[in-house]
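Per-entry structural report
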Amino acid sequence: MINLPNGLKQPLSLIYLDANATTQVLPQAASAALATMETLFGNPSSSHITGLQAKRIIDETRQQAKNIIGAGDGNVIFTSGATEGIQTAILSALHHAKKSLDSSKEYCLLYGATEHKAVPESLKHWNKILEINAEVKAIPVNEVGQLDMDFIAKEVPNALMICTMAVNNETGVYQDIHLLDQTIRANNKDTAWMVDCVQALGKTDLNLANTSIDYAVFSGHKLYAPKGIGFMYVKENSLFTPFIAGGGQESGLRSGTENLPGLAALNVIFSMLNGNSKTIFTTLKTLHIFRQQIAAALTQAFPEIVFNHSFENSVPTTINFAIPGFSSKEIMDLFDAANIRVSSGSACSSKVARSFVLDAMGLPVWQSESAIRMSFGPAMTQQQIDEACTRIVFAAQALGQSCLTTDTNIITEKTALEGLLQFKVGGSCSWLYVDKKTQSAIFIDPLPELTERLKTLLTCQGLNLVAVIDTHGHGDHQSCRGSLADDYLAQQQTDMLGWPVNSNTTIVHGKHYPYIVLGDKWLIKLNTPGHTTDSTSLLLCDPVKASTDDLLVHYAFCGDLILMGSLGRTNFSTSSATAMYSSLQLLKALIGTDSLICPSHDYNNEFTTSITAEISRNSLLAQVITHQINIEKFLIQKTLMDTHIIDQSGSEIMCGALIGDCHKILVREYTSRSLTEALAQPNNIILIDLRESYEYTLGHDKHFKNNVPLTQLVEFVHQHKHNKQQPLVLVCRTGSRSQLAAQTLLRLGFEHVGHLKGGYALHQY
Ligand code: PLP
């Protein structure tokens, strides 16, 4: 455990820095909402006193909303939230536009490229439903997120509608509404203009009646009211089509019995904003100071931090940044462990987690992929900011302790590395083996994305790099072997893959193999062509005592020869399926059936495998190993298999087709309660926390005394290969890492492995 700075106590209190996603309901607002459920519960449409009392709340709230946004003679209609407001605005504009479409003209619908997805998706939806078939066009933004006025001037004459946002939810960047107004109206007097004001409420001054904005939408839950209440502004005389018809509430503009609790809460928030009641909201000036303080703490903690937006043109309540060398998932895990809630500023689509907002601003891909957003609201206090700043530095210390950063000069202790570590980037793997005694290490199949991390690790741990080796020339990705070798092994003479030319030779089963020494282990190289001509397998094993002895292999780094649930592709120009056949048999002869195989890809998060585990689901491999198939038949089947190299998402798997039975193994799931019950039984369960050591250090359940970071799962499998009966229960942050690891252990013959479903997220400590 690292020492907690003065005043920090475990468990760490919650620091919530995700206000742009949603906010907690203020106690004052919550009690007003509660009152409308317990006492002022009338239906505002009822004409008795209870109904009239309810109606008064709505009227008051509407009046206050009008004041806050400067609605003038415009209307305020209550909705369920901004998404409903967006539908209503778009439906209103397009329903009207449809009536006067000129079939000889080409129309467009414009929206800002950094708009919340609710806007373009709704535009596309209604464009289709109403059969308008206008072209839906994104307005580009410049590098600081401001809309391209020239583009608007050019395109808006043909626009049936234009949608822009006042403040961006990922970056806090605000638009110049006045300039937009001028640009739009100079080129199209009549087009409908909607502005998404969700992130502007309470953070900027609004005076909508002074603009030509037709519709503006707002949401309560971004400003301390509950979810499910929002409102929209409609300019006087702007066209309107009800999105929800029914009992005629909201003057027939939005039917359905009003959300009175939500409205009462909103009323309280509005009273504070209007200065009609004691406010806890801080001034804009103070919010700017808060952001400076957080930015300073972040810079102290991560000196290489890059801010993804300019503070000059963004509201002070948002900070979006990236830390070189860290994915947003890693930083999210770190902050969650430190009990700081932030958001990965990216929309997690199935394959790449990237921020389309930062992409639209033209930021480098790595910044967009590793974006983190911190956001807070006007109810933030100096005390909370101070705590957040201390905690941010504290979280960075934990990273330093794991030797993932050397940036902090506050690192007091380090966790010494030992054994095998697996690093993954996308579906590719790099492997670092560390011999603790001699402080030496080898790095296999080095991915360029890991260069800096490896250098930091080597320096921080004081490790001596003995070799950096590729198992083969990778076709799908670059290797950083050359640059690492230049930095650490300039004197070493190697072949093209990094194997030292002056290595020793040993005899195994009558054949000569080169090897290098790493502490008390050997790394033996054998040529295993097939996937490519230059493919090799590297076997980390005990030293060979007699040439007749079988090898005692700990790990077989076999590149793309055997992949998990698959075999490497053999349809490249340098491939040979027949050579692969012999390589598979050679590998099996040297490593046996139970040594751990560490391939250079892990497309399905399976970590490691063995020949025993593979032959049960890979019938082609099974037939080769048991000599049930000859080279000719293997060639036919392998050629067929290579035609199936498309994965579920439709993209080509570069290095090997998925074959055989990749079905997920059923893992026993525990809840907090069933785990407590199980622990009360005499079954000797061992509880393992699978999060990385920096997360574990920051806080864990006291029962989870063992930490096996997922990066070291393969080492754990090796260490426990003779104790597979031991009941294990795994935990992680959300239950996803623990489930994957449990599946791997079960597949490799561990008998009793379960995991805590939902992880720490659903299990308080
Ligand atoms: N627009 C912006 C800018 C937002 O941030 C959000 C919420 O994330 C929405 C629209 C959708 O708001 P609601 O959740 O009220 O539908």
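Rules and cut-offs
Residues numbered from 1 in each chain as written. Predicted model: local features only at pLDDT ≥ 70, side-chain atom pairs only at ≥ 80, totals over all residues. Heavy atoms only, no water. Helix = DSSP H or I, 4+ residues; strand = E, 2+ residues; numbered from the N terminus. Buried < 20%, exposed > 50% of the residue type's maximum accessible area, 1.4 Å probe, protein only. Disulfide = S-S within 2.5 Å. Core = buried A, V, L, I, M, F, W, Y, C linked by side-chain atoms within 4.5 Å. Domains from an automatic or database assignment. Contact = heavy atoms within 4.5 Å. Salt bridge = Lys/Arg side-chain N within 4 Å of Asp/Glu carboxyl O. Pairing = 2+ DSSP bridges. Axes fitted to C-alpha atoms, helices over the stretch in contact; angles between N-to-C directions. Polar contact = N/O pair within 3.5 Å; in protein donor to acceptor, adjacent residues only side chain to side chain. Near = heavy atom within 4 Å. Nonpolar A, V, L, I, M, F, W, Y, C, P; charged D, E, K, R; others polar.

1. Here's the deal with unusual backbone geometry
Even without glycine at this site, Tyr224 takes up a positive phi of about 70°. Note on placement: Tyr224 falls in the loop between strand 7 (215-219) and strand 8 (230-234). Look at Asn605: it is not a glycine, yet its phi comes out positive at around 55°. What makes Asn605 partly exposed here is its relative accessible area of 35%.

2. A word on the state of the cysteines
A complete count under the given rule lists one disulfide for this structure. Put simply, Cys403 and Cys460 are joined by a disulfide, and their sulfur atoms are 1.9 Å apart. An S-S torsion of about -65° defines the bridge between Cys403 and Cys460 as left-handed. Separated by 57 residues along the polypeptide, Cys403 in the loop between helix 12 (382-401) and strand 16 (419-425) and Cys460 in helix 13 (residues 451-461) bring together distant segments of the chain. A relative accessible area of 9% means that Cys460 is categorised as buried. Of all cysteine sulfurs, the one in Cys163 lies closest to Cys108, which takes part in no disulfide; the gap is 11 Å. Take Cys429: it sits in no disulfide, and the sulfur closest to it among the cysteines is that of Cys598, at 8.6 Å. For Cys429, a relative accessible area of 1% corresponds to the buried category.

3. Overview of the nonpolar core
By size, the foremost hydrophobic cluster in this structure holds 61 residues, and its most contacted members are Ile69, Ile152, Phe218 and Phe231. Tallying contributions element by element places helix 7 (residues 260-274) first for this core, with nine residues. When residues of this core are assigned to domains, at least three map to each of domain 1 (80-257) and domain 2 (282-402). The residues contacting Ile152, other than those within four sequence positions of it, are Ile139, Leu147, Pro157, Ile162, Leu180, Thr183 and Ile184. One finds Leu287, Ile305, Phe311 and Phe394 within the second-largest nonpolar core, a separate group that totals 42 residues.

4. Overview of the pattern of salt bridges
If you walk through the whole model with that rule in mind, you get 29 salt bridges. Where Arg733 meets Asp336, a salt bridge forms, and the shortest distance between an N and an O atom there is 2.3 Å. Residue Arg733 is found in the loop between strand 31 (728-731) and helix 22 (736-747), and its partner Asp336 is found in helix 9 (residues 328-337); the two are separated by 397 residues along the sequence. Under the relative-accessibility criterion, Arg733 is labelled buried at 19%. Across the pair Asp487 and Lys455 runs a salt bridge, and its minimum N-O distance is 2.7 Å. Of this pair, Asp487 sits in helix 14 (residues 481-488) while Lys455 sits in helix 13; the two residues are 32 residues apart in sequence, bridging distant segments of the chain. The class of Asp487 is partly exposed, set by a relative accessible area of 46%. Residues joined by salt bridges that share partners form a network here, namely Lys329, Asp333, Asp336, Arg341, Glu695, Arg733 and Arg737.

5. Focus: the environment of Ile591
With respect to the helices and strands, the residue Ile591 is situated in helix 15 (residues 577-591). Note: C-alpha distance between Ile591 and Val553 (38 residues apart in sequence) is 5.8 Å. Beyond its immediate sequence surroundings of up to four residues, Ile591 is in contact with Leu539, Val553, Ala556, Ile597 and Ile611.

6. Concerning the domain arrangement of the protein
The domains assigned to the protein are domain 1 (80-257), domain 2 (282-402), domain 3 (419-642) and domain 4 (668-762). Relative to domain 4, the C-alpha centre of domain 1 lies at a distance of 49 Å.

7. Side note on the sheet that holds strand 7
Taken together, the seven strands give an open sheet; going across it, the order is 2-8-7-6-5-3-4, and neighbouring strands pair in mixed fashion. Among the strands making up the open sheet, the edge pair consists of strand 2 (75-79) and strand 4 (135-139). Each adjacent strand pair in this sheet contributes to an overall mean axis angle of 20°, direction not counted. Pairing between strand 6 (residues 192-196) and strand 7: three bridges, direction parallel. In the strand pairing of strand 7, Val195 is matched with Ala216. Of the strands in this sheet, strand 2, strand 3 (108-112), strand 5 (159-165), strand 6, strand 7 and strand 8 are in contact with helix 3 (residues 82-99), which crosses strand 7 at around 165°. Packing of helix 6 (residues 177-187) onto the sheet brings it into contact with strand 5 and strand 6, and relative to strand 6 it is tilted by some 160°.

8. Focus: the side chain of Thr61
Mapped onto the elements, Thr61 comes out in helix 2 (residues 49-69). Look at Thr61 and you get buried, because its relative accessible area is 0%. A polar contact is formed between the side chain of Thr61 and the backbone oxygen of Ile57, at a distance of 2.5 Å. Apart from residues lying up to four places away in sequence, Thr61 is in contact with Phe78, Leu263, Leu266, Asn267 and Phe270.

9. Here we look at the site of the ligand
For the ligand, the full set of nearby residues is Gly81, Ala82, Thr83, His116, Met165, Asn169, Asp196, Val198, Gln199, Ser219, His221 and Lys222. A distance of 2.9 Å separates an oxygen atom of the ligand from a polar side-chain atom of His221. Partitioned by chemical class, the residues of the shell around the ligand number three nonpolar, seven polar and two charged.

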